[in-house]
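Here is what each chain is made of, one letter per residue.
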Amino acid sequence: MKAAILVEQKKPLVITDISLPCKLQYGQVLVKVICSSICGSQIGEIDGVKGTDKFLPHLLGHEGGGIVLETGHGVTRVKKDDHVVLHWRKGFGIESPTPKYNWDHKIVNAGWVTTFNEYAVVSENRLTIIPKDVDFEIAALLGCAGLGVINNNVRLKIGESIAVFGTGGVGLSIIQGAALVSANPIIAIDIYDHKLKLAKEFGATHVINPSKINVKEEIYKIVDNQGVAAAVDSTGVVKVIEQAYEITSPNGRTILVGVQRYNEKASIYPLPLYFGKVLIGSHGGESNPSEDIPRYINLIKSGRIEFKKMITHRFALDEINLAIEKFRQGETVRCMINILEN
Ligand SMILES: [Zn+2]
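What counts as what
- Residues numbered from 1 in each chain as written.
- Predicted model: local features only at pLDDT ≥ 70, side-chain atom pairs only at ≥ 80, totals over all residues.
- Heavy atoms only, no water.
- Donors = N, O, S within 2.8 Å, 3.2 Å for Na, K, Ca; no water.
- Tetrahedral: all angles 85-135°; square planar, octahedral: opposite > 155°, others 65-115°.
- Helix = DSSP H or I, 4+ residues; strand = E, 2+ residues; numbered from the N terminus.
- Salt bridge = Lys/Arg side-chain N within 4 Å of Asp/Glu carboxyl O.
- Buried < 20%, exposed > 50% of the residue type's maximum accessible area, 1.4 Å probe, protein only.

Engineer: Even after reading the chapter, I still don't get the coordination of the zinc ion, so can you show me in this structure?
Structural biologist: A four-donor tetrahedral metal ideally has 109.5 degree angles, and a six-donor octahedral metal ideally has angles of 90 or 180 degrees. On the protein side, the zinc ion has C39 (SG), H62 (NE2), E63 (OE) and C144 (SG) as donor atoms, found 2.1 Å from it. Given 4 donor atoms and angles of 89 to 137° at the metal, the environment of the zinc ion is assigned as irregular. Along the chain, the residues donating to the zinc ion are arranged with the sequence spacing C-x22-H-E-x80-C. One end of the pair, C39, is in the loop between β3 (28-38) and α1 (40-47); the other, C144, is in the loop between α2 (136-142) and α3 (148-154), with 105 residues separating them in the sequence.

Spelled out as structure tokens, the structure:
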């Protein structure tokens, strides 16, 4: 089967044929991957933002939509022919051993879920069944939805103000979530105007392009010099993190979603933290996909949240390096890779 492999950090992925493990182990599920989205995490893995990668060569991708082909011993939560979301956060079910694939007698490593490969051996707890009328692109986006940030990290109350730095896929989901809980104002900050336009469509009340306007001054104008109740960084850029913290009100919350490089340090004035200001990192919005995905599907079906509108680009698996390049250049919002025909 075809797969895109990270062989060396900071290099294009190698697209080649590899073999599946010969037998499914306890808690493993074989899934035919229909499509996958790309997100900042994979770019981070390629670029080595967390440092040296001990698992090379390995497969990538952590949000996808697919069909169950076969289940290993012990699996009870999914069965053959189920349509599923492949997600990186843990849901219910068994956490299986991670699979090893074979590439010309070399081992290719993989995590509990990978999606840049036509067939994937996935841990039961990284799969959630979806109704058959939900399309696979939506499934892929549900694998890394970002909405948990609003409920579990920001714990946003109606009428509270929020600023979201970075309006890529995750930032836009957070904006949609903020609009759903009636936050006000909802301020979107991004250097790309086409993304800010989408942010407005998804519920941002104000948009700021830092390459044109002073962010701090503008935010203080909007919230009457108070600072915002919640600031979320989805960029992982240290200077942006510092700014997000600075414009958070004295008893507000700064939430870090984007991951900064391992060798970069943010500089903040910590005293307000002693008096009620909060600075925390989010781990995938602390979401439990088994519980959260059905709720999100309910909202999608009733038209309360729009996921497909975030998809700006579609590529075949063979074109994945081009897709990654476009993602890096800020052209894409949600970028879909078609892995296999349904
Ligand atoms: Zn993701």
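Next comes the rest of the description.
Engineer: Looking at this model, I keep getting lost on the pattern of salt bridges. Mind explaining?
Structural biologist: When charged atoms on two side chains of opposite charge get close, those side chains can pair. Across all of its chains, the model carries 21 salt bridges by this definition. One salt bridge in this structure joins E63 and R334, with 3.5 Å as the shortest N-O distance. Taken together, the residues span a long stretch of sequence, with E63 in strand β5 (residues 63-71) and R334 in strand β18 (residues 334-338) at a distance of 271 residues. Given the relative accessible area of 1%, R334 is considered buried. A salt bridge links E137 to K308; its shortest N-O distance comes to 3.1 Å. You can see E137 sitting in helix α2 and its partner K308 sitting in the loop between α8 (289-301) and β17 (311-316), a full 171 residues away along the chain. The exposure class of E137 is buried, given its relative accessible area of 10%.

Engineer: What is the right way to read unusual backbone geometry from this model?
Structural biologist: Excluding glycine, residues mostly have negative phi values, and the peptide bonds linking residues are mostly trans. Cis geometry marks the peptide bond from L56 to P57; its omega dihedral reads -10°. For P57, the position within the fold is in the loop between α1 and β4 (58-59). In this structure, the amide linkage connecting N184 to the following residue, P185, adopts the cis form with an omega of -10°. By the element assignment, P185 lies in the loop between α4 (169-180) and β12 (186-189).

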